[in-house]
Amino acid sequence: SALPYIFHAMKVYSETAIIQEHACGTLAAMALRRPANARAIIDGDGARLILTAMKRHEANVSVQRQGALAVRNIVSRLLMGVHDSGNYSNLTFATDGTVFGGEVTSIRESFLEWGAEDVLRNIAG
């Protein structure tokens, strides 16, 4: 898997906007292609890395766009197949309505824990 290398680059070159832009874009594409990739991104601390990139490069439109796409693709792929219960705080990682590995992990909390609400709100202005 390429994920460890992408995560490593994001950590080592956290101040380099072009690296963060392309890493977020790659994570967005990987999540879109396979729901299992979205889960691996979350498990590998990807939510923190994406949001950190967006916070460090808040004036860089390209980093913001790719980061937002990554968040959207990860969340949408993890929610794919989950029935709408009307209670979004209880959604779990799933592709077909089943829970990965028997774990009950909140998608919402994975991103909110790292400040997604503020980061995404700032993009909208």
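Given the structure is predicted, the values throughout are model-derived calculations rather than measurements. (Residues numbered from 1 in each chain as written. Predicted model: local features only at pLDDT ≥ 70, side-chain atom pairs only at ≥ 80, totals over all residues. Heavy atoms only, no water.)

Undergrad: Outline the overall build of the protein chain, supporting the account with residue identities and numerical values.
TA: Scanning the protein chain for helices and strands turns up 7 helices and 0 strands. Ordering the α and β elements of the protein chain from the N terminus gives α-α-α-α-α-α-α. Here the protein chain holds 125 residues, and the buried ones make up 39% of them. Pairs at least 24 apart in sequence give 58% of the contacts found in the protein chain among residues at least 6 apart. Summed over its atoms, the accessible surface of the protein chain is roughly 6,900 Å², and 53% of this surface lies on carbon and sulfur atoms. (Helix = DSSP H or I, 4+ residues; strand = E, 2+ residues; numbered from the N terminus. Buried < 20%, exposed > 50% of the residue type's maximum accessible area, 1.4 Å probe, protein only. Contact = heavy atoms within 4.5 Å. Areas by Shrake-Rupley, 256 points an atom, 1.4 Å probe, with all protein chains shown as cover.)

Undergrad: Before we move on, can you summarise the pattern of salt bridges with the specific residues and values?
TA: By the definition in use, this model includes 3 salt bridges. Here Arg39 ties to Asp43 by a salt bridge, and the two come within 3.3 Å at their closest N and O atoms. Of this pair, Arg39 and Asp43 both sit in helix H3 (residues 35-43), 4 residues apart, roughly one helical turn. Under the relative-accessibility criterion, Asp43 is labelled exposed at 52%. Residue Arg48 is joined to Asp45 by a salt bridge in which the shortest nitrogen-to-oxygen separation is 2.6 Å. (Salt bridge = Lys/Arg side-chain N within 4 Å of Asp/Glu carboxyl O.)

Undergrad: Any chance you could break down a nonpolar patch on the surface for me, citing the residues and the numbers?
TA: Residues Val12, Tyr13, Ile18 and Ile19 make up a contiguous nonpolar surface patch of about 350 Å² in total accessible area. Looking at where Val12 falls in the secondary structure, it is placed in helix H1 (residues 3-12). Classification of Val12 by relative accessible area gives partly exposed; the value is 46%. (Patch = residues over 30% accessible without salt bridge, like charges linked within 9 Å, V, L, I, M, F, W, Y side chains within 5 Å.)

Undergrad: Give a description of the packing of helix H2 (residues 17-33) against helix H5 (residues 61-79) that names residues and reports values.
TA: Direction vectors running N to C along H2 and H5 enclose 20 degrees, while the axes themselves pass 8 Å from each other. Considering their axes alone, H2 and H5 lie roughly parallel with respect to each other. Like other packed secondary-structure pairs, H2 and H5 cross with a definite hand, here left-handed. Counting all contacts with H2, which are made through Ala17, Gln20, Glu21, Cys24, Gly25, Ala28, Ala29, Ala31, Leu32 and Arg33, the residues of H5 involved are Ser62, Val63, Gln66, Gly67, Leu69, Ala70, Asn73, Ile74 and Arg77. A breakdown of the residues in the contact of H2 with H5 according to their chemical character gives 10 nonpolar, 6 polar and 3 charged. (Axes fitted to C-alpha atoms, helices over the stretch in contact; angles between N-to-C directions. Parallel < 35°, antiparallel > 145°, perpendicular 65-115°, else oblique. Left-handed = near helix turned anticlockwise from the far one by under 90°. Nonpolar A, V, L, I, M, F, W, Y, C, P; charged D, E, K, R; others polar.)

Undergrad: An account of the environment of Tyr13 is requested, with residue identities and associated values reported.
TA: Positionally, Tyr13 belongs in the loop between H1 and H2. The spacing of Tyr13 and Ala53 is 40 residues in sequence and 9.9 Å in space, taken between C-alpha atoms.

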